[in-house]
Amino acid sequence: MSTEQDTTPAPYEADNEPVALRTDRLWQLDGWTARVIKNEDDDGWAVEMLQDGESEPALVGPWTMGRDKKNPKPLDQAAFSTLVKTASEVLQRHVQQAHAMLHKRLTVFALDAQWEVRLDITPDEYEPYATLSAFDEAGVEIAQVRVPPDFRFGVASATAWITSDFARPAAARGSASWGE
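Residues numbered from 1 in each chain as written. Predicted model: local features only at pLDDT ≥ 70, side-chain atom pairs only at ≥ 80, totals over all residues. Heavy atoms only, no water.

K.L.:
Can you help me understand the packing of aromatic side chains in this one?
P.N.:
By convention here, two paired aromatic rings are described through the distance between centres and the angle between planes. Tallied over the full model, the rule gives 3 aromatic pairs. With a centroid separation of 5.4 Å and 35° between ring planes, the pair formed by Trp-27 and Phe-80 is classed as tilted. One end of the pair, Trp-27, is in strand β2 (residues 26-29); the other, Phe-80, is in helix α2 (residues 77-102), with 53 residues separating them in the sequence. Here Trp-161 and Phe-166 contribute two aromatic rings whose centre-to-centre distance is 5.1 Å and whose plane-to-plane angle is 80°, an arrangement assigned as edge-to-face. Accessibility assignment for this pair places Trp-161 and Phe-166 in one class, buried. What links up through ring pairs into an aromatic cluster is the set Trp-115, Trp-161 and Phe-166. When the ring centre of Phe-135 is taken as origin, the NZ or CZ atom of Arg-118, which lies over that ring, is 4.1 Å away. (Phe/Tyr/Trp six-rings, centres within 6.5 Å; stacked < 30°, edge-to-face > 60°. Helix = DSSP H or I, 4+ residues; strand = E, 2+ residues; numbered from the N terminus. Buried < 20%, exposed > 50% of the residue type's maximum accessible area, 1.4 Å probe, protein only. Lys NZ or Arg CZ within 6 Å of the ring centre and 35° of its normal.)

Here it is in structure tokens:
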């Protein structure tokens, strides 16, 4: 099987719906492409999963050798379904991790009350910033202030902000945050 065929787009029927492409080393179906490739690290084979419209694979993993111990095992429906599920889970974990990096929250006790403090980072290309917010025990937002995106967010800084009557954190040695 030539690699030229592997890079051709999926054919389309008259109603503009993609036709499933299924060969021994290439499957395109339901927005995903599975491609069996030569493993560059050893003499084995690997499979990569690409989601339509993406330039980088969502998943690359080892692939089983065929019975002749030289060529790869052909792709089949069961393997393709498993690869789609695994690649989808990897992408979902990436989204969750990115969200967790941009939206942090913690609970602190200050001024004889429990507070939920949140740091929401806005990763703007030109002027990134973060918003520090405090919520009382009833979930009502009491204060909000804009801080640098690299603000050191932790129990000590959140408590200091609350006990300073929610004053804007002062810049300290080039970093606009309280030290932890």
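There is more to say after this.
K.L.:
I would appreciate a short explanation of helix α3 (residues 155-163) in the present structure.
P.N.:
Two residues of an α-helix separated by three or four positions point the same way, owing to the 3.6 residues in each turn. Of the residues making up α3, those classed as buried are Ser-157, Ala-158, Trp-161 and Ile-162. End-on, the buried residues of α3 take up no more than an arc of 135°, which puts them together on one face. Contacts from the buried residues of α3 go to β6 (103-110), β7 (113-122), β8 (129-135) and β9 (141-147). Phi turns positive one or two residues past the end of α3, at Asp-165, with a value near 60°. (Arc of directions from axis to C-beta. Contact = heavy atoms within 4.5 Å.)

K.L.:
When you look at unusual backbone geometry in this model, what are you seeing that I'm missing?
P.N.:
Trans peptide bonds make up most of the peptide bonds, and negative phi angles are found at most residues other than glycine. Non-glycine residue Lys-69 carries a positive phi angle of around 60°. One can find Lys-69 in the loop between β5 (59-63) and α2. Of the residues examined, Lys-69 reaches a relative accessible area of 65% and is grouped as exposed. Even without being a glycine, Asp-165 presents a positive backbone phi close to 60°. Along the chain, the position of Asp-165 falls in the segment after α3. Given the relative accessible area of 64%, Asp-165 is considered exposed.

K.L.:
For this particular structure, what's the right way to read the pattern of salt bridges?
P.N.:
Oppositely charged side chains may form a pair once their charged atoms are brought near each other. Inspection of every chain in the model, using the stated rule, returns 4 salt bridges. The salt bridge involving Glu-89 is made with Lys-85; its shortest N-O contact spans 3.7 Å. Of this pair, Glu-89 and Lys-85 both sit in helix α2, 4 residues apart, which is roughly one turn of that helix. Residue class for Lys-85 comes out exposed when judged on its relative accessible area of 55%. Arg-118 serves as the salt-bridge partner of Glu-116, at 2.5 Å between the closest nitrogen and oxygen. (Salt bridge = Lys/Arg side-chain N within 4 Å of Asp/Glu carboxyl O.)

K.L.:
In this structure, what is going on with the side chain of Ser-157? I would like to understand it.
P.N.:
Mapping Ser-157 onto the fold places it in helix α3. For Ser-157, a relative accessible area of 1% gives the class buried. Side-chain polar atoms of Ser-157 contact the backbone oxygen of Arg-152, separated by 2.8 Å. (Polar contact = N/O pair within 3.5 Å; in protein donor to acceptor, adjacent residues only side chain to side chain.)

K.L.:
What exactly am I supposed to notice about the pairing of β9 here?
P.N.:
The side chains of a regular strand alternate, first on one face of the sheet and then on the other. For β8 and β9, the ladder comprises 6 bridges, and the chain directions are antiparallel. Residue pairing for β9: Ser-133 is matched across the bridge by Gln-144. (Pairing = 2+ DSSP bridges.)

K.L.:
I would appreciate a short explanation of the sheet that holds β6 in the present structure.
P.N.:
Strands pair in a sheet through their backbones, by hydrogen bonds, and they do so in one of two ways: parallel or antiparallel. Sheet architecture is open: 4 strands sit in the order β6-β7-β8-β9, paired in antiparallel fashion. On the outer flanks of this sheet lie β6 and β9, each paired with one strand and no other. Strand-to-strand, the axes of this sheet are offset by a mean angle of 20°, without reference to chain direction. Across the face of the sheet, α2 comes into contact with β6 and β7 while running at roughly 45° to β6. (Axes fitted to C-alpha atoms, helices over the stretch in contact; angles between N-to-C directions.)

Purely geometric stuff here, so don't read any function into it on its own.
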